[in-house]
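# A closer look at the structure
Okay, here's what each chain looks like letter by letter:
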Number of protein chains: 2
Amino acid sequence: MTRGQFLTAMAFAPFVRGTSSGVNAQRLRQRLEELSLHGRPTGGIFADGVSRVAFSDADVAGRALVMRWMREAGLNPRIDAAGNILGSRAGSDAKLEPVLFGSHIDSVPSGGNFDGDLGSLSAIEAIEVLNAARETTRRPLEVVVWTNEEGVAYNNGLFGSRAAAGLLDKGEMDHVWNGVSQRDALRKIGGDPDKIGSARRGPFRAYLELHIEQGGNLDRQKIPVGVVEGIVGIDRFDVEIRGFANHAGTTPMPDRQDALIAASELTIAVNQIVRREPGRQVGTVGHIDVIPNAPNVIPGLVRLTVELRDLDKAKVARLGREIQDRAQKIATETKTAVVFTPASHHEPALADPKLQTVIEQASAKLGLKSMRLPSGAGHDAQSMAHIGPMAMIFIPSVNGISHSPKELSRWEDCANGAAVLLESVRILAA
Amino acid sequence: MTRGQFLTAMAFAPFVRGTSSGVNAQRLRQRLEELSLHGRPTGGIFADGVSRVAFSDADVAGRALVMRWMREAGLNPRIDAAGNILGSRAGSDAKLEPVLFGSHIDSVPSGGNFDGDLGSLSAIEAIEVLNAARETTRRPLEVVVWTNEEGVAYNNGLFGSRAAAGLLDKGEMDHVWNGVSQRDALRKIGGDPDKIGSARRGPFRAYLELHIEQGGNLDRQKIPVGVVEGIVGIDRFDVEIRGFANHAGTTPMPDRQDALIAASELTIAVNQIVRREPGRQVGTVGHIDVIPNAPNVIPGLVRLTVELRDLDKAKVARLGREIQDRAQKIATETKTAVVFTPASHHEPALADPKLQTVIEQASAKLGLKSMRLPSGAGHDAQSMAHIGPMAMIFIPSVNGISHSPKELSRWEDCANGAAVLLESVRILAA
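Residues numbered from 1 in each chain as written. Chains lettered and ligands numbered in written order. Predicted model: local features only at pLDDT ≥ 70, side-chain atom pairs only at ≥ 80, totals over all residues. Heavy atoms only, no water.

## Re the overall build of chain A
Helix and strand content of chain A: twelve helices and 18 strands. Over its C-alpha trace chain A gives a radius of gyration of 23 Å, about what one expects of a compact globule, namely 22 Å for 430 residues. Taking the principal axes of the C-alpha coordinates as reference, chain A spans close to 80 × 50 × 45 Å. Counting every position in chain A, which comprises 430 residues, the buried fraction comes to 61%. For chain A, contacts bridging at least 24 residues in sequence account for 78% of all contacts bridging at least 6. Summing over all exposed atoms, chain A offers an accessible surface of approximately 16300 Å²; the carbon and sulfur share of this is 51%. Of note, chain A has its 49 positive side-chain charges centred 3 Å away from the centre of its 50 negative side-chain charges. (Helix = DSSP H or I, 4+ residues; strand = E, 2+ residues; numbered from the N terminus. Rg over C-alpha atoms; globule rule 2.2 N^0.38 Å. Buried < 20%, exposed > 50% of the residue type's maximum accessible area, 1.4 Å probe, protein only. Contact = heavy atoms within 4.5 Å. Areas by Shrake-Rupley, 256 points an atom, 1.4 Å probe, with all protein chains shown as cover. Lys, Arg positive; Asp, Glu negative; His and termini not counted. Charge placed at Lys NZ, Arg CZ, Asp CG, Glu CD.)

Next comes the structure, spelled out in C-alpha cells:
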C-alpha cells in the first residue's frame, strides 16, 4: 500500500456513526489520532506511523494522556509495581471477580497507530458508553494498559502481563537496555521495582483483548470480527553454520566449505518442510549474519534464526525435528557443521472456548459476521491465559500489514471491534 | 590448520640449505621473519600473521626496512610518484630494456606473512646472489615493490602498478579513506601526488612476479612450481532483491514475498550454474545484507554480491547472463523483484607464452617439477600485462589458505621459488 492509498483508505469513512451498542466511533477515532501524536515522526502525519517504544519519553507522554482519559471516565487509574495502568469501575456485587480488559500502547520503532492502541482506547470507550447509559454491571470491570508489550526495550515483551501472571524471569529486573536497567526504566514510568511481586494479580472472571489481526485473513475474506482460538506457540532456534572462509578467486568449487550455501539450503528447507502439509503453521528465517561477509571471500561462518509457529505445540515440535534432521543432511552435503540451539520456546495459549462463544454471541447481536482464527502474533492475553480464562477479538488489518507505518484498519472496523468488546463485557459482567 | 599444526609445519625445515642457484634460503627466511615484525599483533609470533595495510605506520616501517636491504644490495632505491619502490642494477648493455621483477609488501588486515613479501624479498635475494657471484647480466635489472596491492586502503588495489601502467581512474587521487585523501596518503609514503603521471614507466623486456598460489592446487598435487597462465577476469554484480517485510507470525506462507528465500535460491543457482560445466571457473556469493534482519520479520530486502572468475572472459560473460536469466525465474516464483547491477569488470590478463616457457626451463634446470595454472587472485602483474610481457611464478600454499594468519608456505618452497625467479631472470637478462 502506498502512502496515497493509505490516506484514501482512511478517508473512506470520514463520518463514522455510532453503532447499536452505543460506541462513539468519532470519539474513538479522535483519541487514536490524538494518542498518535506521541511518538509521531517530526513533521509527520497520522499515516507516517509512530515510534512509541516502551519507557521512551513518547511512551511516558502517551501513558499520561491515557490516564487523563481514564480519569475522565471515572476509572481512577493507578500504576502497579510493574508499571501497568489499571482502572476499576464498581459492579453491583463487589464480591464477584471482575471482568478485565485492555491492551497496550507501546509500539515498535516505526510502527503503526492501531497495534495495542485500539484495544486500550476501546476499553476506555466501553466504560464511557456504560457511564453515559448510567448502566451498572453486576461484576466489577477493570481496564488495563500493560507495560512493554512489544519487547523492543529489553528484547523481552509482555513485561507487564508477565509480571501480573508471575512469569518474570529471575534476574530480569537487572537487565540493561540502552544503558538503563529494567529496574530504573520501571521507575521512570511510575512502577516500583522493589515491590514487583505486588503486581501479581488476583482472580478475574475473564480477560478480553481487542486487537488488530496483523495478518490478512479477515481483510481478504471481508469478515469484520475474528474470534481468536489461541495464540500460537513459538519455537525459535539460533543456528550456527561453520564452513571455512577462503579466497573466492583461488579456491576451486569442489574444495569449498561455503557456509552460505548451507544456509541457503537450510532457508529453503524450512520453507519446504513447513509448507508441505496442510495447516496454518508458519516458519521463517528472518535473521542472518555472514562472516566475513566480503564479496571476494567464501563465507566461513553463518548465524541465522529459525522460527516456527502453530497453535498445535506437537506440530511445532515435529517440524523443528524435521528441519534439524534435514540440516544434518545439508551439513554433510556441503562439508559444513550445523548446530541448532533452542533460543526460546513459547507454549501456545488457548482461548477459553466459552469466552469464544460469548464473542460470537456479541458479534451476532450487532449483526457482524465473525470467524475463528489463530493469532500468529504474541499478545498480553497469552500471559493472562496462565492465570485465568482469556479471549481475544480481532478486527481486519488492511492487506495484513503490521509493525509498519502502513498498518491500517478502517475506522468502521475499529468501532465495530469496540462494540463487540463492549457487548462481550456486558454479557460476561451481567 | 590449527596454530599448533602451523608451527609444526614451519618447524619441518628449520635448516634450509642453499639451492643450486645460489639462493641463500636462510637469509630469505630471516628477512621474511624480520619483515613480519612490522604489523605483527602485539605480543604475537610469526604464526599470528600480520596487519600491514598500505599507508599504515606498519607499512611505512616495512618499506623502510626493505629499502635498507635494497641499499645493502647496491640497488640504490628510489620512490616514484606513486610510492612504488624501485631499485636498478646495471647490465652490460645500458641501451637494452630492463628485466623488471618484484611484488608488494602491504597486507590485508590479519593477513599472512608470505602474500607479497615472498616475491619482494626474493627479488632482492636474486640481486644478492648475482652480487656475490660478481655476475653481470647483459640487460639491466630492476626490482620493484608496488604500492597498495591489496586495496584494503581506498577499496581499490594494484595502485602502484596501475599508476605505472597508466590505469588510474579519474579522480582517484581525491578518494578519501579513514579520513585521509589518496593524495595525502601518497605523501606519507614518499610519493608525489602532484606528479603522479611521472610514475608511468618505460618499456621492459619482461615483468616477473613470484607469489604464493593462495589456492590449493600445487599443495594438493605436491608440485613445487606453478607457471601462471594468466590472471582471471572478474565480473562482480550488486544484486538487490525486493520482497515485502511483514510479520513472521501473522503472514500465511502462501502470501509471503520473502526476499531471503529468493536470495537463497539465487545463491544456490550461482553455485549450480558455475559447477555444471568442466573448467576452473568459480562463482561466489560472499556478501549478503538482509533488511530488517529480525527473527520475527519476513525479510523484505536483500542485497548481495555475485562474483564470477575465469581466464576466459567469454565464459565469465556467459555465466553472468545465465545467472541473471535464472534470477528472473526465481523472482517470478518468489513474487520478488531481482535487479542486477554490474559493480566491477576486470578483464583477464594473460601471461606471455614465451615467458611461461622460460619459467619452465628455469624450473627444469633446478630439477623442480612445474605445472601451468591460472591465478584466481588479482596481482600487480595484471597491470603490467597492459604495457608489456609478464609472467608469474607460484609456489604452494599449505592447504590453499591465504589472506589469513594461517597462510603458510614451506621455507623450502620459498627458496625454490626464489631460485626459479633468479634463474628466469638470468635467462631473460642474458
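## Section: the packing of helix H2 (residues 25-35) of chain B against helix H12 (residues 411-429) of chain B
Residue and element names in this part refer to chain B. H12 packs onto H2 with a crossing angle of 110° between their chain directions and a minimal axis gap of 9 Å. Put simply, H2 runs roughly perpendicular to H12. Residues Ala25, Leu28, Arg29, Leu32 and Glu33 of H2 lie in contact with H12, whose contacting residues are Trp411, Cys414, Ala415 and Ala418. Partitioning the contact of H2 with H12 into residue classes produces seven nonpolar, no polar and two charged. (Axes fitted to C-alpha atoms, helices over the stretch in contact; angles between N-to-C directions. Parallel < 35°, antiparallel > 145°, perpendicular 65-115°, else oblique. Nonpolar A, V, L, I, M, F, W, Y, C, P; charged D, E, K, R; others polar.)

## Remarks on the interface of chain B and chain A
Taken residue by residue, the interface counts 55 residues in chain B and 54 residues in chain A. For the interface between chain B and chain A, the tally reads two salt bridges. The salt bridge partner of B:Arg220 is A:Asp255, with a shortest N-O separation of 2.2 Å. Taken together, chain B and chain A are joined by 14 residue pairs in polar contact (both at pLDDT 80 or more). Secondary-structure elements contributing two or more residues to the side of chain B that touches chain A are helix H7 (217-221), strand E10 (246-247), helix H8 (259-275), strand E11 (282-284), strand E12 (288-291), strand E13 (297-298) and strand E14 (301-310) of chain B. Of the residues contributing to the side of chain B that touches chain A, the split by class is 20 nonpolar, 25 polar and ten charged. (Salt bridge = Lys/Arg side-chain N within 4 Å of Asp/Glu carboxyl O. Polar contact = N/O pair within 3.5 Å; in protein donor to acceptor, adjacent residues only side chain to side chain.)

## Regarding the packing of helix H8 (residues 259-275) of chain A against helix H9 (residues 313-334) of chain A
Residue and element names in this part refer to chain A. At a minimum axis separation of 9 Å, H8 and H9 run at an interaxial angle of 150°. As the angle between them shows, H8 and H9 are arranged roughly antiparallel. Classified by chirality, the crossing of H9 by H8 is right-handed. Residues Ile261, Ala262, Glu265, Leu266, Ala269, Val270, Gln272, Ile273 and Val274 of H8 lie in contact with H9, whose contacting residues are Leu319, Glu322, Ile323, Arg326, Ala327, Ile330 and Thr334. (Left-handed = near helix turned anticlockwise from the far one by under 90°.)

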